[in-house]
Amino acid sequence: MQLLQAARRLEPLDRELARATYVDALRASLGSGARREVGRALRALPLSQPPDATELLLRGVGVIYTEGFPHGTDVLSRALDAFVSAPVTGDENIRALEVAAAVARNHWADAGYDILTARVVALAREAGALSVLSSALDRRAAYCVDAGDLADAAEAYDEAEAIRQATGMEPGRGGLGRLAALRNEENAAAEHIERLRREPRIGDTANRAATLEYALALLYNGLARYPEALAAAQRSRERHPAGGFGQALSELVEAAARCHQPGVAQTALDALCMRTRLGGGKDWGLGVEARSRALLAEGGAAEELYREAIDRLGRTRMRLPLARARLVYGEWLRRERRRGEAREQLRAAHGLFEAMGARSFGGRARQELAASGETAHSRRSATLDELTPQEARIAGLADEGLSNPEIAARLYISPSTVDYHLKKVFRKLGIRSRTQLHRALAPAPG
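A quick note: this is a predicted structure, and the numbers were derived from the prediction, not measured.

## Considering the overall build of the chain
Now for step 1: Looking only at helices and strands, the chain features 25 helices and 0 strands.
Now for step 2: Whereas a compact globule of 446 residues would reach a radius of gyration of roughly 22 Å, the chain reaches 23 Å, a difference of no more than 12%.
Now for step 3: Within the chain, the fraction of its 446 residues that count as buried is 53%.
Now for step 4: Seen as two clouds, the 64 positive and the 58 negative side-chain charges of the chain have centres 3 Å apart.

Listed below in structure tokens is the structure:
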């Protein structure tokens, strides 16, 4: 790998530049077969005394690459703490921060995940680094999905895509699968994910392929179609180079439990527990673990675990897993014929899902509420407040009669970007042409 060779040559000349080049080599290795070579080089790097955040990051990844998961995670936890606590000076290695943000997610560090993804976006904007900004926005959007801020996630993904369209970069659509699974109706979400699965640049990359299968598992668990969720979650685990990542394993536990396959569920739970204990154990990870354990438990033990999951997740920034914990607890209470308590949990879950725009799980919560004797109403499937600011601007200009090139010139974007956004506007508003925009954009009476 040329970047690795360049980093080695820079080592005796400029230590800081060498470290930055090693970070670039690390990032390049994520989609290649050079992990072992890169891992050996990173592990052999000498550490300063005391080591800085970037050195700890490189050493930890080097150990994981050479010895396998979970070796090296203790070093990565130290690196994460150093990155989060470091003052912002403007001299940061933005790409190292990006890797650290990924580590934060893998370590279930919700506060660090939030802080670092926001920091990378801000630094990339300040530096005018568009290629970094697009990937930083993708990562920030992933955080927003985990946190249940689906409108913010859509806006970040849209901005990232607009940057790529304007600069001629290759589309980076892999991360949209989870958002589609949560926000869209089944056909739209499944069609979107299936289209991405067929793209060679995604299908041939293990991490991306595993992520898309995870998105399908998320979709079908939300729709209570558990056999399909189970098949997708198993494919995700098979295709992931480390045997599955935490969120996908939790989908596998839920789907297998609902399909009455306790052996499959327990194996996935064991793998999940290994990951939730990273970095000393954080409430986000331990809350997801408790929810997953509860699905395999009975009686008082199950109830205690459901309550633990809700308590732990309630202390985090992650509304999506909290809503899901309330949902499965409410489902359990209904099966125990404790309908009044079940309605309390299901009502809370339904309200959270509706506020997020997570329609698949919202529909599941609504059906459970109906079975418990209460009727819940869903919001209109496509509303004006679901449009991102960019989509709303483009829709408004199109409604005024401007053509795509005219809108592009007004907003300093490309005509193809305008077309991309208008297609999304049409789908969200349930219309097919510009002639229907005026009525769709009109405020509701009263």
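## Topic: the packing of helix H16 (residues 262–276) against helix H17 (residues 283–296)
Now for step 1: Close contact between H16 and H17 brings their axes to 10 Å; oriented N to C, the two are set at 165°. Compared by their axis directions, H16 and H17 come out roughly antiparallel. Considering only the axes of H16 and H17, their crossing is left-handed. Contact with H16, carried on its side by Ala265, Gln266, Leu269, Leu272, Cys273 and Thr276, involves Gly285, Leu286, Glu289, Ser292, Arg293 and Leu296 of H17 and no other residues of that element.
Now for step 2: Tallied by class, the residues present in the contact of H16 with H17 amount to 6 nonpolar, 4 polar and 2 charged.

## Structural notes on the packing of helix H14 (residues 226–239) against H16
Now for step 1: With their axes 13 Å apart at the nearest point, H14 and H16 run at an angle of 40° to one another. Taken together, H14 and H16 sit at an angle that is classed as oblique. Here H14 and H16 pass one another in a crossing that is left-handed. Counted together, Leu230, Gln234 and Arg237 of H14 and Val264, Thr267, Ala268 and Ala271 of H16 form the full contact between these two elements.

## Remarks on the side chain of Asp158
Now for step 1: Looking at the secondary structure, you find Asp158 in helix H9 (residues 150–167).
Now for step 2: Non-local contacts of Asp158, meaning those with residues more than four positions away in its chain, are made with Thr388, Glu391, Tyr420, His421 and Lys424.

## Comments concerning the packing of aromatic side chains
Now for step 1: By the definition in use, this model includes 7 aromatic pairs.
Now for step 2: Note on Tyr113 and Tyr143: the rings are 5.3 Å apart at their centroids and 90° apart in plane angle, and the pair reads as edge-to-face. In this pair, Tyr113 sits in helix H7 (residues 110–127) while Tyr143 sits in helix H8 (residues 130–147), placing the two residues 30 residues apart along the sequence. Neither Tyr113 nor Tyr143 differs from the other in exposure class; each is buried.

## Focus: the pattern of salt bridges
Should their charged atoms come close, side chains of opposite charge can pair.
Now for step 1: With the rule as written, the count across this model stands at 34 salt bridges.
Now for step 2: One salt bridge in this structure joins Asp114 and Arg317, with 2.6 Å as the shortest N-O distance. Of this pair, Asp114 sits in helix H7 while Arg317 sits in the loop between helix H18 (299–314) and helix H19 (319–335), placing them 203 residues apart in sequence.
Now for step 3: On the basis of relative accessibility, which here comes to 14%, the residue Asp114 falls in the buried class.
Now for step 4: We classify Arg317 as partly exposed; its relative accessible area is 38%.
Now for step 5: Asp283 is paired through a salt bridge with Arg315; the nearest N and O atoms lie 3.1 Å apart. Here the residue Asp283 occupies a position in helix H17, and Arg315 occupies one in the loop between H18 and H19, the gap between them amounting to 32 residues.
Now for step 6: Residue Asp283 is classed as partly exposed on the basis of its relative accessible area of 22%.
Now for step 7: Take Arg315: its relative accessible area is 55%, and that puts it in the exposed class.
Now for step 8: Among the ionic contacts, a cluster of salt bridges with common partners joins Glu251, Glu254, Arg258, Arg324, Glu331 and Arg364.

## Let's talk about the environment of Ala147
Now for step 1: For Ala147, the position within the fold is in helix H8.
Now for step 2: Spatially, the C-alpha atom of Ala147 lies 6.0 Å from that of Arg317, the residues being 170 residues apart in sequence.
Now for step 3: Residues within four places of Ala147 in sequence aside, it is in contact with Arg317, Met318, Arg319 and Leu320.

## Describing helix H23 (residues 404–411)
Now for step 1: Among the residues making up H23, those that are buried are Asn404, Ile407 and Ala408. Looking straight down H23, one finds its buried side chains confined to an arc of 100°; they lie on one side. Exposed positions of H23 whose direction lies more than 90 degrees from the buried face are Pro405 and Ala409.
Now for step 2: Of the surrounding elements, those touching the buried residues of H23 are helix H22 (389–399) and helix H24 (415–429).

## Some thoughts on unusual backbone geometry
For residues that are not glycine, phi is negative in most cases, and the peptide bond is trans in most cases.
Now for step 1: Along the chain, Gln49 connects to Pro50 via a cis peptide bond; the corresponding omega equals -5°.
Now for step 2: Looking at where Pro50 falls in the secondary structure, it is placed in the loop between helix H3 (35–43) and helix H4 (53–67).
Now for step 3: Positive phi values are uncommon outside glycine, yet Trp108 reaches one of about 60°.
Now for step 4: Accessibility expressed as a relative area gives 2% for Trp108, which makes it buried.
Now for step 5: A positive phi angle, near 60°, is found at Ala224, a position not held by glycine.
Now for step 6: With respect to the element layout, Ala224 can be found in the loop between helix H13 (206–222) and H14.
Now for step 7: Exposure remark for Ala224: the relative accessible area of 31% places this residue in the partly exposed category.

## As for the environment of Gln49
Now for step 1: Assignment of secondary structure puts Gln49 in the loop between H3 and H4.
Now for step 2: The exposure class of Gln49 is exposed, given its relative accessible area of 72%.
Now for step 3: For the pair Gln49 and Thr435, spaced 386 residues apart in the sequence, the C-alpha separation amounts to 67 Å.

## Let's talk about H18
Now for step 1: In this model, H18 (16 residues) spans 23 Å end to end at C-alpha, consistent with the 22 Å of a helix rising 1.5 Å per residue.
Now for step 2: Every buried residue of H18 is listed here: Ala302, Glu303, Leu305, Tyr306, Ala309, Ile310 and Leu313. Seen along its axis, H18 keeps its buried residues to an arc of 165°; they face one direction. Those residues of H18 that are exposed and angled more than 90 degrees off the buried face are Gly300 and Glu304.
Now for step 3: Check the buried side of H18 and you find it contacts H17, H19 and helix H20 (339–356).

The rules behind these values
Residues numbered from 1 in each chain as written. Predicted model: local features only at pLDDT ≥ 70, side-chain atom pairs only at ≥ 80, totals over all residues. Heavy atoms only, no water. Helix = DSSP H or I, 4+ residues; strand = E, 2+ residues; numbered from the N terminus. Rg over C-alpha atoms; globule rule 2.2 N^0.38 Å. Buried < 20%, exposed > 50% of the residue type's maximum accessible area, 1.4 Å probe, protein only. Lys, Arg positive; Asp, Glu negative; His and termini not counted. Charge placed at Lys NZ, Arg CZ, Asp CG, Glu CD. Axes fitted to C-alpha atoms, helices over the stretch in contact; angles between N-to-C directions. Parallel < 35°, antiparallel > 145°, perpendicular 65-115°, else oblique. Left-handed = near helix turned anticlockwise from the far one by under 90°. Contact = heavy atoms within 4.5 Å. Nonpolar A, V, L, I, M, F, W, Y, C, P; charged D, E, K, R; others polar. Phe/Tyr/Trp six-rings, centres within 6.5 Å; stacked < 30°, edge-to-face > 60°. Salt bridge = Lys/Arg side-chain N within 4 Å of Asp/Glu carboxyl O. Arc of directions from axis to C-beta. Expected span 1.5 Å × (residues − 1).

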